[in-house]
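Residue strings, one per chain:
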Amino acid sequence: MRRTRILTVLLALAAGLLAGSPPTALAADPAPRAAVTADSYTWKNARIDGGGFVPGIVFNRTEKDLAYARTDIGGAYRWQESSRTWTPLLDHVGWDDWGHTGVIGLASDSVDPDRVYAAVGTYTNDWDPGNGAVLRSADRGATWQRTDLPFKLGGNMPGRGMGERLAVDPHDNDVLYLGAPSGHGLWRSTDAGVTWSEVTAFPNPGNYAQDPGDTSGYASDNQGITWVTFDESTGSAGSATGTVYVGVADKENAVYRSTDAGVTWERLAGQPTGHLAHKGVLDAEHGYLYLAYSDTGGPYDGGRGRLYRYATATGTWTDISPVAEADTFYGFSGLTVDRQHPGTVMATAYSSWWPDTQIFRSTDSGGTWTQAWSYTSYPERANRYTMDVSSSPWLTWGANPAPPEQTPKLGWMTEALEIDPFDSDRMMYGTGATVYGTENLTKWDSGGTFTITPMVRGLEETAVNDLVAPPSGAPLLSALGDVGGFRHTSLTEVPPMMFTSPNFTTSTSLDFAESKPDVVVRSGNLDSGPHVAFSTDNGANWFGGTDPSGVSGGGTVAAGADGSRFVWSPEGAGVHHTTGFGTSWQASSGIPAGAVVESDRVDPKTFYGFKSGKFYVSKDGGATFTASAATGLPAGDSVRFKALPGGEGDVWLAGGAADGPYGLWHSTDGGATFTRLPDVEAADTIGFGKAAPGASYQTLFTSAKIGGVRGIFRSTDRGATWTRVNDDAHQWGWTGAAITGDPRVYGRVYVATNGRGVVYGDTSDTGGGDGGTDPGPDPAPTGACKVTYTVTNQWSGGFQADVRLTNTGTSAWHGWSLGWSFPGDQRVNQMWNAEHTRSGPAVTARNVAWNAEVAPGASVGFGFTGSWSGTNGKPSGFRLGEHGCALE
């Protein structure tokens, strides 16, 4: 798992994600924009719970139970104490800004707990074409405003577990600091994050890079300014805090201080050298700054480490490391102080991979330490804790290790560690796969055992490479980065185990036999062992195949329609085919290495391939391929295509690039010819689901740009018309890896994200069509309507609500206007997916361009945040123009 997020980068590169900005421009010869209707969908995650690295956890210091988590590629989350779940906060990030799903710093305002800030950006090299930004929210992340920065940020770069790089002054909360990478120094805002300027007096922008010789720019980037910590004892309410400490990625000059609110800075005298300061946590009550050091920036590496305590009044440095440096084979990073009992300090050995991570605890300010586990008689261990992973059973990895290893492990990449400032018994820490926590931590000190459980529900952070929804058996199978993939027999429950036998570190491709859905094949990456695996029971159990010579990665794989044969295009070797289950592979001819391969869903001997603008067809089970004469297809390799279940020779192809053909193509003659759909400006995925009631052709789904709008779209009439099924609040960054409908549930769609797991949507439309194309004006529609008004979140003085408006009449709307009056002192602050005006308690919401068309039976949704006092009652009635709507 130590190359966890690096693999995600490489996979995304292979998919064309990182070769430049996700293409949005039309190719030459653009088509006219289509009329696009909208449907209101309910979106959820297929539960996995976790699955990725959580490098930061932040508790608010003045409000109980208010906590946030940041991830490296999957956005930020807020803890919901009532349900003990995490709420995603950055699902609004769209395709063009996909890099803003990587969060390198997060800060919760202790003066005004409604305020929260996130520093976003995924890569500092050219893999991410956009610059970083600071997002600010006045409603705890329900809505955000953005300030773009003149440099990139690296939420998925080396060193991302250090921090926090973003901090709010605890006395003057208009003042924030941000530590920048790449030599850009220290930045400050004095207007609550609206504008930023460099602190030119700060003397050191850092100089440490993981690998200065890395030509990609990934490991060679200067990791820069790594954390900012305020000494709250040196200020008073309304005035800037006087003393500020800053950590720098420089092994000789790691810690700086200002005693005049950031006007001047000096290197702390007497500080240790030879290591990087991953964290700096201040106990203002006792006047101690605690520092966790490692010889590298992490999160995967680290071979030596130290813990130090700096006395802020005297300038005395004390080595408080729990073990001698010669006995470390890891660095320290996770670091926290118990705010109820500040003499209690905890730290993690974040890079201790084998046999486990280690957690250290001191109750005398680092004078003496105990540890979470220790050896009795090697290799036997004594643990101060018990682990209960029954809520996420896959965290055992299906392993049966020999001592001193245990399963489940305490974790790895444990750089986030926080004791709840209001509850000494509650601690949370992040790992490379989950968030663990305990609520009886103080049993550690009394000689008892404390219990560690996953505290991760709602935080979904897998990168999804492929999805299939078979017509029978489990409704969903997935191919994932880092954790391999899962068989979901229930979308609302965590599967008991990821795919095993073999455990791919990353699964790259997945397919099933259309007429025998119990036969499944997957390909993926593995350090040693096969790169392809088979199942004969719908993915419940697996066995490995045999690799052809030269295979280095999973590539793509396809199953014949009857499960009797397979075609595989692995990395490192050319396309191969086999009968049976991969015990002997033969090279295919007529098709280039690296081609994407798929199977016809009717003819078991027909397979297809695509590479560099050419479509290839095999009629003999993959032994020989012939290039199609079809022209005008995308020239690059960022293409995904699928054959229609039940339709022999019916193939749909999506993909392209901004500088060439880009869109959606359809073939009904097995790829001999293709027709480009004129209304689709850009498309990246294609999938099929159950046909709409009364329709004979399966429903199409795509992640695309249609009608000038990027989104997830559905068509029930072979692509003649399209309905956008997501909205601006549900975009999930980049969604270009895979999509599939459900063959058993009309309207259901599964969407692959790059860090937010598998999201699936269900329609409120009972079917029958996506609306017509009649452009006739109807600015004030009449007829029957229904409204659902739901308060989805509420806090002191503020709330968030969703509104769903359904056309229950018989005629389409070509524009709509919905009005209501609040019963109390409520005000709309910000609205999305609709425009609004208000006069006193009266509010009118009107359609935006992309959701003006609402077909009979279809719905449109919008949401808003608002303020309230007294009571927050629901409106008693809604009007569509001058006509009342039924309330649901």
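No experiment lies behind these values; they were computed from the predicted model shown.

Calculation criteria
Positions within a chain are numbered from 1, following the residues in the order the chain's sequence is written. This being a predicted model, a pLDDT of at least 70 is required before a residue's local features are given, and a value of 80 or more before pairs of side-chain atoms are given or counted; all residues contribute to the totals for chains, interfaces and linings. Only hydrogens and water are set aside; all other atoms, that is, all heavy atoms of the structure, feed into the side-chain values. Every helix listed is a DSSP run of H or I at least four residues long, and every strand listed is a run of E at least two residues long, numbered separately from the N terminus. We compute the radius of gyration from the C-alpha atoms alone; for a globule the expected value is 2.2 Å times N to the 0.38, where N is the number of residues. Relative accessible area decides the class of each residue, using a 1.4 Å probe on protein chains only: under 20% of the type maximum gives buried, over 50% gives exposed, and in between gives partly exposed. It only takes one pair of heavy atoms within 4.5 Å for two residues to be counted as in contact. Following DSSP output, two strands are said to pair if at least two bridges run between them. The charged-residue count follows a simple rule in which Lys and Arg add positive charge and Asp and Glu add negative charge, with His and chain termini not counted at all. By salt bridge we mean one thing: a side-chain nitrogen of Lys or Arg within 4 Å of a carboxyl oxygen of Asp or Glu. For this analysis, a polar contact is any N or O atom pair within 3.5 Å, provided that within protein one partner can donate a hydrogen and the other can accept it, and provided that sequence-adjacent residues contribute only side-chain to side-chain pairs. The pLDDT score gives, residue by residue, the confidence of the prediction method on a 0 to 100 scale. The disulfide criterion used throughout: a pair of cysteine sulfur atoms within 2.5 Å.

*Asks:* Explain the overall build of the protein here, please?
*Replies:* A tally of helices and strands in the protein yields two helices and 71 strands. At 28 Å, the protein has a C-alpha radius of gyration in line with the 29 Å of a compact globule built from 888 residues. In terms of overall dimensions, the protein has a C-alpha envelope of 80 × 75 × 50 Å along the principal axes. For the protein, the residues scored as buried account for 62% of the 888 residues in total. Sequence separation of at least 24 residues holds for 56% of the intrachain contacts in the protein that already meet a minimum separation of 6.

*Asks:* What exactly am I supposed to notice about the sheet that holds strand β16 (residues 243–248) here?
*Replies:* Two pairing modes exist for strands in a sheet, parallel and antiparallel, and in both the strands are linked by backbone hydrogen bonds. If you trace the four strands from one edge of the open sheet to the other, you get β15-β16-β17-β18, paired in antiparallel fashion. Of all strands in the sheet, those with a lone pairing partner are β15 (225–231) and β18 (266–267), marking the two edges. As judged from the four bridges shared by β16 and strand β17 (residues 255–258), these two strands associate in the antiparallel manner. Within β17, the residue paired with Tyr245 across the bridge is Arg257.

*Asks:* So what exactly am I meant to see when it comes to the side chain of Glu415 here?
*Replies:* In this structure, Glu415 sits in the loop between β29 (385–387) and β30 (416–419). Although Glu415 lies buried, it forms no salt bridge, and the closest oppositely charged side chain, Lys279, sits 4.4 Å away as judged by the N-O distance. Polar side-chain contacts of Glu415 include one of 2.6 Å to the side chain of Ser333. Contacts of Glu415, omitting those with residues within four sequence positions, involve Phe53, Pro55, Gly161, Met162, His278, Lys279, Gly298, Pro299, Ser333, Gly334, Tyr350 and Gly430.

*Asks:* Would you mind showing me how to read the pairing of strand β47 (residues 614–618) here?
*Replies:* Within a regular strand, the side chains alternate between the two sheet faces. The element β47 is extensively covered by neighbouring structure, given that four of its five residues are classed as buried. Across five bridges, the pairing between strand β46 (residues 607–611) and β47 is antiparallel. Paired with Gly609 across the strands is Tyr616, a residue of β47. Two successive antiparallel strands, β46 and β47, enclose a turn made up of two residues, where Ser612 displays a positive phi of approximately 50°. Pairing of β47 with strand β48 (residues 626–627), which is carried by two bridges, proceeds in the antiparallel orientation. Its bridge partner being in β48, Val617 is matched across the sheet by Thr626.

*Asks:* Just to check I follow, could you spell out the confidence of the model for the protein for this structure?
*Replies:* If pLDDT is low for a region, its predicted coordinates should not be looked at in detail. Per-residue confidence for the protein averages 92 on the pLDDT scale, and 94% of its residues sit at or above 70. The low-confidence segment residues 1–33, where pLDDT is below 50, has 86 contacts with residues more than four positions distant or belonging to other chains. Contacts for the low-pLDDT stretch residues 767–780, under 50 throughout, to residues beyond four places or in other chains number 25 contacts.

*Asks:* Would you explain the state of the cysteines in this entry?
*Replies:* Each disulfide is one covalent bond, formed between the sulfur atoms of two cysteines. Inspection of the entire model under this criterion finds one disulfide. Here Cys785 engages in a disulfide with Cys885; their sulfurs sit 1.9 Å apart. The disulfide joining Cys785 to Cys885 has a torsion of about -95° about its S-S bond and is therefore left-handed. With Cys785 in strand β61 (residues 785–795) and Cys885 in strand β71 (residues 883–887), this residue pair connects regions lying 100 residues apart in the sequence. Residues Cys785 and Cys885 agree in their burial class; the two are buried.

*Asks:* Explanation requested: the sheet that holds strand β13 (residues 186–189) in the structure shown.
*Replies:* Overall, antiparallel pairing links the four strands, which are arranged β11-β12-β13-β14 in an open sheet. Bordering the open sheet on either side are β11 (166–168) and β14 (197–198), each of which pairs with just one other strand. Taken together, the two bridges between β13 and β14 define a ladder with antiparallel strand orientation. Considered in β14, the bridge of Arg188 is made with Ser197.

*Asks:* What is the right way to look at the side chain of Glu598 in this model?
*Replies:* Along the polypeptide, Glu598 turns up in strand β45 (residues 596–599). For the buried residue Glu598, which engages in no salt bridge, the nearest side chain bearing the opposite charge is Arg601, 5.2 Å off.

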